[in-house]
Amino acid sequence: MSPHSVYPALSSHCFPRDFIWGVATAAPQIEGAAFLDGKSASTWDAFCRVPGKVLNGDTLDVACDHYHRYEEDFDLLVKLGIRHYRLSIAWPRICPDGDHRVNQAGLAFYHRVFDALASRGITPWVTLYHWDLPQCLEEQGGWRNRAVVKAFASYADIVVRAFAGKVKNWITLNEISCFTRMAYGTGRKAPGLCEPEQVVNQTYHHALLCHGEGVRAVREHGGLAAKVGLTDNPSIPVPVSTSEQDISAAAEAFGEDNIRVLDPIHHGHYTERYRRLTGKNGAACEKDDFSLISLPTDFLGLNIYWGYFVRASCNGTVERMDFPASYPRTSSPWHALVPQALHWGPRFVHGLYAPKEILITEHGAGYDDDVIVDGEIKDLHRRDCLRTYLREMLDTIDAGVPVKGYFLWSLLDNFEWQDGYLRRFGIVHNDFNTQRRTPKLSAEWYAAVIAANRLQ
Ligand code: GCO
């Protein structure tokens, strides 16, 4: 008797028919070739060289050597049945001087990449900026200097013009708060500065303008079928219960957390709440800034890893609840496992801003203990984390929220910013000494989910 007749197929329902299943990567984290073929240093190349900033003094010099191994990596995508691939373009590879001069070898590399994807039937989703600012621009003030907007506009024009025939899906910027607040406010990320709050708000404003320039570039040069949106990582308050009071408390907190990015992009101005909360430290704006910032987009990308619990307190305020010390986390200290964030995040975004489409442009889990035993990596922790979050996402879709796709972070173990190579987010293991790739158990599981279009 076949085992299937004893254990009938699980009845859990499917994802929508055209659901987009993908994986996400970013140029600085995988490419390597940091100083090859005309690429100049990025802020992260410089930051890595400041003692104590990146764990073990790791650099991006070689990373996963994807620059030379992209064919092999794309073969892996085929093997796993992954048809959508999110990548980013390295600004200092295209415009090493941060101005109009184009490095043809940089363009040629990405032409090869897009051709290799096309020949395998894989659709690229291209992020214009994933944190690798040319260091020469940082030396002129970086995101603090409004001149970055002109430089980005020119870079975006060059890239979209060059690849319009091969790329239809564009993401302007990845996670504004990480390269503004965390880079110029808390100093955790490159260039590692601790500037006053007004300066930080100004960096956000310049990033919003660059987002607008990215949208404009795609509309002008991307062709009729081109789509464009931002990827944001909103902080996500999760109601501790489904009581009406706790849900409104969480919705209220969500609105308050996202005054710097999602509000201005969708409302076309800084709201009253922004003015109240930033006071005299608000960003200085120029006339017409907001017509650029709020240009209509086709989707909103959300990177969702974690959230925090809130409830309505008896005095009518919102209480942010502390995590108990033993609350489950991945190896990243910031990453408390809150699967409900993948439910409430898209729900609140839909309720407040109603973007046409929502894409989960990143979600994943980083662990330090993915070891190969007898040729296998049994990452049951990652597999379980992905599965629990995806279940919540399916509920959100059932509730009518237009979540159209999911990109797992990440294809390969890679350079995890200030945590160097210690923290592994890949569903494919990378041995950084030999560059040998080994799919983990989670990769096989993800391939099965994609093939069946439902959770396994
Ligand atoms: C981010 C970035 C990715 C990270 C990933 C894991 O969210 O920080 O977009 O580059 O590597 O999120 O931390």
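Our subject is the structure that appears above.
Residues numbered from 1 in each chain as written. Predicted model: local features only at pLDDT ≥ 70, side-chain atom pairs only at ≥ 80, totals over all residues. Heavy atoms only, no water.

Focus on the environment of Arg382
- With respect to the helices and strands, Arg382 occurs in helix α17 (residues 380-398).
- On the basis of relative accessibility, which here comes to 1%, the residue Arg382 falls in the buried class.
- Separated by 50 residues in the primary sequence, Arg382 and Phe432 have C-alpha atoms spaced 20 Å apart.
- Of the polar contacts made by the side chain of Arg382, one reaches the side chain of Asp370; its length is 2.9 Å. (Helix = DSSP H or I, 4+ residues; strand = E, 2+ residues; numbered from the N terminus. Buried < 20%, exposed > 50% of the residue type's maximum accessible area, 1.4 Å probe, protein only. Polar contact = N/O pair within 3.5 Å; in protein donor to acceptor, adjacent residues only side chain to side chain.)

With respect to the site of the ligand
- Near the ligand lie 13 residues; those nearest to it are Gln29, Glu175, Tyr305, Glu362 and Glu416.
- Here Gln29 contributes a side-chain N or O atom positioned 2.7 Å from an oxygen atom of the ligand.
- Trp409 places a polar side-chain atom, nitrogen or oxygen, 3.4 Å from an oxygen atom of the ligand.
- Tallied by class, residues from the shell around the ligand come to six nonpolar, four polar and three charged. (Near = heavy atom within 4 Å. Nonpolar A, V, L, I, M, F, W, Y, C, P; charged D, E, K, R; others polar.)

Remarks on the side chain of His130
- Structurally, His130 can be placed in the loop between β3 (123-129) and α7 (135-138).
- Its relative accessible area of 2% is what places His130 among the buried residues.
- Only 3.0 Å separates the side chain of His130 from the side chain of Asn174, close enough to count as a polar contact.

With respect to unusual backbone geometry
- Residue Pro191 is reached from Ala190 by a cis peptide bond, and omega for that bond is 10 degrees.
- Relative to the helices and strands, Pro191 is located in the loop between α10 (181-185) and α11 (197-221).
- Of note in the backbone geometry, Asn56 takes a positive phi value of approximately 60 degrees without being a glycine.
- Of note, Asn56 is situated in the loop between α3 (43-48) and α4 (66-80).
- For Asn56, a relative accessible area of 64% translates into the label exposed.
- Positive phi, close to 50 degrees, is recorded for Asp374, a residue that is not glycine.
- Relative to the elements of secondary structure, Asp374 occurs in the loop between β10 (358-363) and α17.
- Given the relative accessible area of 75%, Asp374 is considered exposed.

Regarding the sheet that holds β3
- Spatially, eight strands are ordered β1-β2-β3-β4-β5-β7-β10-β11 in a closed barrel, and the strand pairing comes out parallel. If you compare each strand with its neighbour and ignore which way they point, the axes differ by 25 degrees on average.
- As judged from the three bridges shared by strand β1 (residues 20-24) and strand β2 (residues 84-88), these two strands associate in the parallel manner. Bridge assignment links Ala24 to a residue of β2, and that residue is Arg86.
- Of the strands in this sheet, β3, β4 (169-174) and β5 (227-232) are in contact with α11, which crosses β4 at around 170 degrees.
- Sitting on the sheet, helix α18 (residues 441-452) is in contact with β1 and β11 (403-409), with an inclination near 155 degrees to β1. (Pairing = 2+ DSSP bridges. Axes fitted to C-alpha atoms, helices over the stretch in contact; angles between N-to-C directions. Contact = heavy atoms within 4.5 Å.)

Focus on the pairing of β2
- A large share of β2 lies buried, amounting to five of its five residues.
- Alternating residues of β2 divide into His84, Arg86 and Ser88 and Tyr85 and Leu87, and every residue in both groups is buried.
- Here β2 pairs with β3 via five bridges, running parallel. Along β3, the bridge assignment pairs Ser88 with Thr127.

A few points about the packing of helix α8 (residues 147-163) against α11
- At a minimum axis distance of 9 Å, the contact between α8 and α11 shows a crossing angle of 25 degrees. Classified by the angle their axes make, α8 and α11 are roughly parallel. The way α8 lies across α11 gives a crossing that is right-handed. The residues of α11 that touch α8, namely those facing Val148, Val149, Phe152, Ala153, Ala156, Asp157, Val160 and Arg161, are His206, Leu209, Cys210, Glu213, Gly214, Arg216, Ala217, Val218 and His221.
- Taken together, the residues of the contact of α8 with α11 break down into 10 nonpolar, three polar and four charged. (Parallel < 35°, antiparallel > 145°, perpendicular 65-115°, else oblique. Left-handed = near helix turned anticlockwise from the far one by under 90°.)

Overview of the packing of aromatic side chains
- Evaluation of the coordinates by the stated rule reveals 37 aromatic pairs.
- Look at Trp125 and Phe299: their rings are 6.1 Å apart centre to centre, the planes differ by 70 degrees, and that puts the pair in the edge-to-face class. Linking Trp125 in strand β3 with Phe299 in strand β7 (residues 299-303), this pair joins segments that are 174 residues apart in sequence.
- Each ring, one from Phe309 and one from Tyr327, has its centre 6.4 Å from the other, and the planes form 65 degrees; the classification is edge-to-face. One end of the pair, Phe309, is in strand β8 (residues 308-312); the other, Tyr327, is in the loop between β9 (318-320) and α16 (341-353), and 18 residues separate them in sequence.
- Note on Phe309: relative accessible area 14%, which makes it buried.
- Assessed through its relative accessible area of 19%, Tyr327 is described here as buried.
- An aromatic cluster of at least three residues, connected via ring pairs, comprises Trp44, Phe47, Trp131, Phe415, Trp417, Tyr421 and Phe432.
- Just above the ring of Phe109 sits the side chain of Arg93; from NZ or CZ to the centre is 5.7 Å.
- The lysine or arginine in question, Arg260, covers the ring of Tyr204, its NZ or CZ lying 5.7 Å from the ring centre. (Phe/Tyr/Trp six-rings, centres within 6.5 Å; stacked < 30°, edge-to-face > 60°. Lys NZ or Arg CZ within 6 Å of the ring centre and 35° of its normal.)

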